[in-house]
Amino acid sequence: MEAVKEENIEVDSVNENKEKNQTLTTELHFELLKQYAWLSSAVIGAIIVLVQLKAVEMGNNIYITLGLLGLSIFVSIVGQDHIVDSLLKGKDIYRISKILKLIRAVSMGCLGLAAGYFTATAL
């Protein structure tokens, strides 16, 4: 009888840890996407300041850079919305992890591409 109780306690402990890990993973994904959006927004602000100080000329290069940064913000927000939508539908974070990985890669890729393009062409 005691062996059954110990086994039930162990199973309950494992399930409780899975739930905690799932909650933590969900929060981390959401925060990471939020940080990508904030970072892209900060870079947009820095570029606007440089344009206002006439350190760089406003041209097609700036528009392309701002477009890529805006796309990074948009993708991050879509990712956050996808997390919320999926949780409301009863899905767990592990079932949507592949699409979140793609969303994170696209968002960070757009941010990196924009920063690299700006650095290569405008400065």
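Remember, predicted model here, so these are calculated numbers, not experimental data. (Residues numbered from 1 in each chain as written. Predicted model: local features only at pLDDT ≥ 70, side-chain atom pairs only at ≥ 80, totals over all residues. Heavy atoms only, no water.)

Some words on the overall build of the protein
Link 1 in the chain: Broken down by element type, the protein carries 3 helices and 0 strands.
Link 2 in the chain: Of the regular secondary structure in the protein, the N- to C-terminal order runs α-α-α.
Link 3 in the chain: Rg of the C-alpha trace for the protein: 21 Å, well past the compact-globule value of 14 Å for 123 residues, more than 25% over.
Link 4 in the chain: Its C-alpha atoms give the protein principal-axis dimensions of roughly 80 × 20 × 20 Å.
Link 5 in the chain: The buried share among the 123 residues of the protein stands at 24%.
Link 6 in the chain: When contacts within the protein are restricted to residue pairs at least 6 apart in sequence, those whose partners lie at least 24 apart make up 80%.
Link 7 in the chain: For the protein, the exposed surface amounts to about 8,400 Å²; the carbon and sulfur share of it is 62%.
Link 8 in the chain: If you average the places of the 11 positive and of the 13 negative side-chain charges in the protein, the two averages end up 10 Å apart. (Helix = DSSP H or I, 4+ residues; strand = E, 2+ residues; numbered from the N terminus. Rg over C-alpha atoms; globule rule 2.2 N^0.38 Å. Buried < 20%, exposed > 50% of the residue type's maximum accessible area, 1.4 Å probe, protein only. Contact = heavy atoms within 4.5 Å. Areas by Shrake-Rupley, 256 points an atom, 1.4 Å probe, with all protein chains shown as cover. Lys, Arg positive; Asp, Glu negative; His and termini not counted. Charge placed at Lys NZ, Arg CZ, Asp CG, Glu CD.)

A word on unusual backbone geometry
Note on backbone geometry: most residues besides glycine have negative phi, and most peptide bonds are trans.
Link 1 in the chain: A positive phi angle is found at Lys54, which is not glycine, with a value near 60°.
Link 2 in the chain: Structurally, Lys54 can be placed in the loop between α1 (2-52) and α2 (60-88).

Considerations on the pattern of salt bridges
Link 1 in the chain: If you walk through the whole model with that rule in mind, you get 1 salt bridge.
Link 2 in the chain: For Glu31, the salt bridge is made with Lys34, and the minimal N-O distance between the two is 3.2 Å. Of this pair, Glu31 and Lys34 both sit in helix α1, 3 residues apart, which is roughly one turn of that helix.
Link 3 in the chain: Looking at Glu31, the relative accessible area reads 34%, which means it is partly exposed. (Salt bridge = Lys/Arg side-chain N within 4 Å of Asp/Glu carboxyl O.)

Describing α2
Link 1 in the chain: With 29 residues, α2 extends 42 Å between its outermost C-alpha atoms, agreeing within 8% with the 42 Å of an ideal straight helix rising 1.5 Å per residue.
Link 2 in the chain: Residues Ile62, Thr65, Leu68, Leu69, Ser72, Val75, Ser76, Gly79, Gln80, Ile83 and Ser86 constitute the buried set of α2.
Link 3 in the chain: Gly90 sits one or two positions beyond α2 and adopts a positive phi of about 90°. (Expected span 1.5 Å × (residues − 1).)

Some points on the environment of Thr65
Link 1 in the chain: With respect to the helices and strands, the residue Thr65 is situated in helix α2.
Link 2 in the chain: Through-space distance from the C-alpha of Thr65 to that of Glu31 is 24 Å; in sequence the pair is 34 residues apart.
Link 3 in the chain: Residues in contact with Thr65, not counting those within four places in the same chain, are Ile47, Ala114, Tyr117 and Phe118.

Regarding the confidence of the model for the protein
Link 1 in the chain: Looking at the protein, pLDDT values average 89 and 90% of them are 70 or higher.
Link 2 in the chain: Least confident of the elements in the protein is α1, whose mean pLDDT is 84; most confident is α2, at 96. (pLDDT = per-residue confidence, 0-100.)

Details of a nonpolar patch on the surface
Link 1 in the chain: A cluster of nonpolar side chains, contributed by Leu71, Phe74 and Val78, occupies part of the molecular surface with about 270 Å² of accessible area.
Link 2 in the chain: With respect to the helices and strands, the residue Val78 is situated in helix α2.
Link 3 in the chain: By relative accessible area, which is 38% here, Val78 ends up partly exposed. (Patch = residues over 30% accessible without salt bridge, like charges linked within 9 Å, V, L, I, M, F, W, Y side chains within 5 Å.)

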